[in-house]
Amino acid sequence: MRTETPAPAGTEEERAAKSPRRPAPSAPASRPAATARRRARRETLAGYLFLSPWCVGILLLTLGPMLVSLYLAFTDYNLFDSPRWVGLENFSEMFSDDRWWTSVRVTAVFVLVATPLKLAVALGVAMLLVRPRKGQGFYRSAFYAPSLIGASVSIGIVWRALFQDDAVVDRSLSLFGWDGGGWVGDPDWSLPTLIALSAWQFGAPMVIFLAGLKQVPRELYEAAEVDGAGAWRRFRSITLPMISPVLFFNLLLEIIHSFQIFTSALVIAGPGGRAGGPGDSLLVYTWYLYEQGFSNLRMGYASAMAWMLLAGIALVTAVLFWSQRRWVHYEEGGR
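Residues numbered from 1 in each chain as written. Predicted model: local features only at pLDDT ≥ 70, side-chain atom pairs only at ≥ 80, totals over all residues. Heavy atoms only, no water.

Caption draft 1: The arrangement of the overall build of the protein in detail. Each helix and strand in the protein was counted, giving 15 helices and two strands. In the protein, which comprises 335 residues, the share counted as buried stands at 35%. In the protein, 67% of the contacts between residues at least 6 apart in sequence involve partners at least 24 apart. Of the roughly 21,200 Å² of accessible surface on the protein, a fraction of 65% belongs to carbon and sulfur atoms. (Helix = DSSP H or I, 4+ residues; strand = E, 2+ residues; numbered from the N terminus. Buried < 20%, exposed > 50% of the residue type's maximum accessible area, 1.4 Å probe, protein only. Contact = heavy atoms within 4.5 Å. Areas by Shrake-Rupley, 256 points an atom, 1.4 Å probe, with all protein chains shown as cover.)

Caption draft 2: Examining the pattern of salt bridges more closely. Taken as a whole and assessed by the stated rule, the structure comprises five salt bridges. Between R84 and D76 there is a salt bridge whose closest N-O contact spans 3.1 Å. Judged by relative accessible area, R84 falls into the partly exposed class, the value being 49%. The salt bridge involving R99 is made with D280; its shortest N-O contact spans 3.0 Å. With R99 in helix α4 (residues 98-129) and D280 in the loop between α13 (263-269) and α14 (285-295), this pair connects stretches of sequence that are 181 residues apart. Given a relative accessible area of 18%, R99 falls into the buried group. Residues participating in the shared-partner salt-bridge network are R99, D280 and E291. (Salt bridge = Lys/Arg side-chain N within 4 Å of Asp/Glu carboxyl O.)

Caption draft 3: Up close: helix α8 (residues 190-200). Judged by how many residues are buried, α8 sits mostly within the fold: eight of 11 residues are covered. When α8 is considered as a whole, its buried residues turn out to be S190, L191, T193, L194, I195, L197, S198 and A199. Elements that come into contact with the buried residues of α8 comprise α4, α6 (153-162) and α13.

Caption draft 4: Just the nonpolar core, in detail. Ranked by internal contacts, the top residues of the largest apolar core, which has 62 residues, are L194, M206, F209 and M305. For this core, the element with the highest residue contribution is α4, accounting for 11 residues. With near-sequence residues (within four places) excluded, L194 lies in contact with F110, S264, A265, I268, L282 and V284. (Core = buried A, V, L, I, M, F, W, Y, C linked by side-chain atoms within 4.5 Å.)

Caption draft 5: Representation of a nonpolar patch on the surface within the structure. Residues V56, L59, L60, L61, L63, M66 and L310 make up a contiguous nonpolar surface patch of roughly 680 Å² in combined accessible area. Per-element tally for the nonpolar patch: the top contributor is helix α2 (residues 26-72), with six residues. With respect to the secondary-structure elements, L310 resides in helix α15 (residues 299-327). Exposure remark for L310: the relative accessible area of 41% places this residue in the partly exposed category. (Patch = residues over 30% accessible without salt bridge, like charges linked within 9 Å, V, L, I, M, F, W, Y side chains within 5 Å.)

Caption draft 6: A look at the environment of Y301. Here Y301 lies in helix α15. Look at Y301 and you get buried, because its relative accessible area is 1%. Note: C-alpha distance between Y301 and D76 (225 residues apart in sequence) is 7.3 Å. Once residues lying within four places of it in the same chain are set aside, the contact partners of Y301 are N90, E93, M94, D97, W100 and Q292.

Caption draft 7: Up close: the packing of aromatic side chains. A full pass over the atoms with the stated rule returns 20 aromatic pairs. Geometrically, the ring pair formed by Y71 and W85 is tilted, given 6.1 Å between the ring centres and 35° between the ring planes. Highlighted residues: Y71 in helix α2 and W85 in strand β2 (residues 84-85), separated in sequence by 14 residues. Looking at Y71, the relative accessible area reads 41%, which means it is partly exposed. Relative to F321, the ring of F248 has its centre 5.2 Å away and its plane inclined at 80°; by these criteria the two rings are edge-to-face. Of the two residues, F248 is situated in helix α12 (residues 244-259) and F321 in helix α15; the sequence distance between them amounts to 73 residues. (Phe/Tyr/Trp six-rings, centres within 6.5 Å; stacked < 30°, edge-to-face > 60°.)

Next up, the structure:
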């Protein structure tokens, strides 16, 4: 005879209340999540700690001086007396200053000639060095070296000595019937001397062009050769469009750098006489700004000149970014 086991007393709700509770599934996972959040906060704090020197530097050494310079641009300040507010007088004086216009003209000529010449030389040398050859590393280092030392005072002195009257360049050209009579002392040839020095420093854009040329697929050149395209056609239809982003980057950097030319012009102009060289032929904008601020102690006028230079560079940069839509091609097909 089968006996039935009696059911536990109480309803199912009572039995569930008496049974021990199991921890929620999410409880064990909450501890690792909290640990991950603490670790993320520590990493964020460490990041801000490492960034703090840069933040302090940009506030004290860049943004702070810029704001002070903006205020001084509207004052008459000689570094000794308190600034005196003059409004737009410094800016209006520029347009009636003949030497200011001379500095604008000299700088504009330098930017318009030196920048494309430097980029052309850099691209030409990069195209020669892009293919593997014996001693390639040595040649790349040798061509890059002038960019490291070209802006130094010592190179400017050497360059001036090379192009002086009856110096090495004059004697070499005299063998071919050229009687230059000195370059740095001639108002017509002193600026080309400075432009030549700038073009000689083509190493930095050359390295960037090399990186861009290596990204051009060789299959495009092979297909163009099969179609009968010549060297110039391949360069114009393949090389330039494919490296146009790199060309735009180099163009933008070199234009900004050319606007800021200072040390080379100062050294080549030489000691004595007017600061701008023979006939103010080397009176670049930054040197005239320095002369007004620290030689003539017109810091307010120099600050106004600095902001005009910033406005000019910003305008040229804006035009370049606007024009890139027409000639800069990206891999995804956008412009």
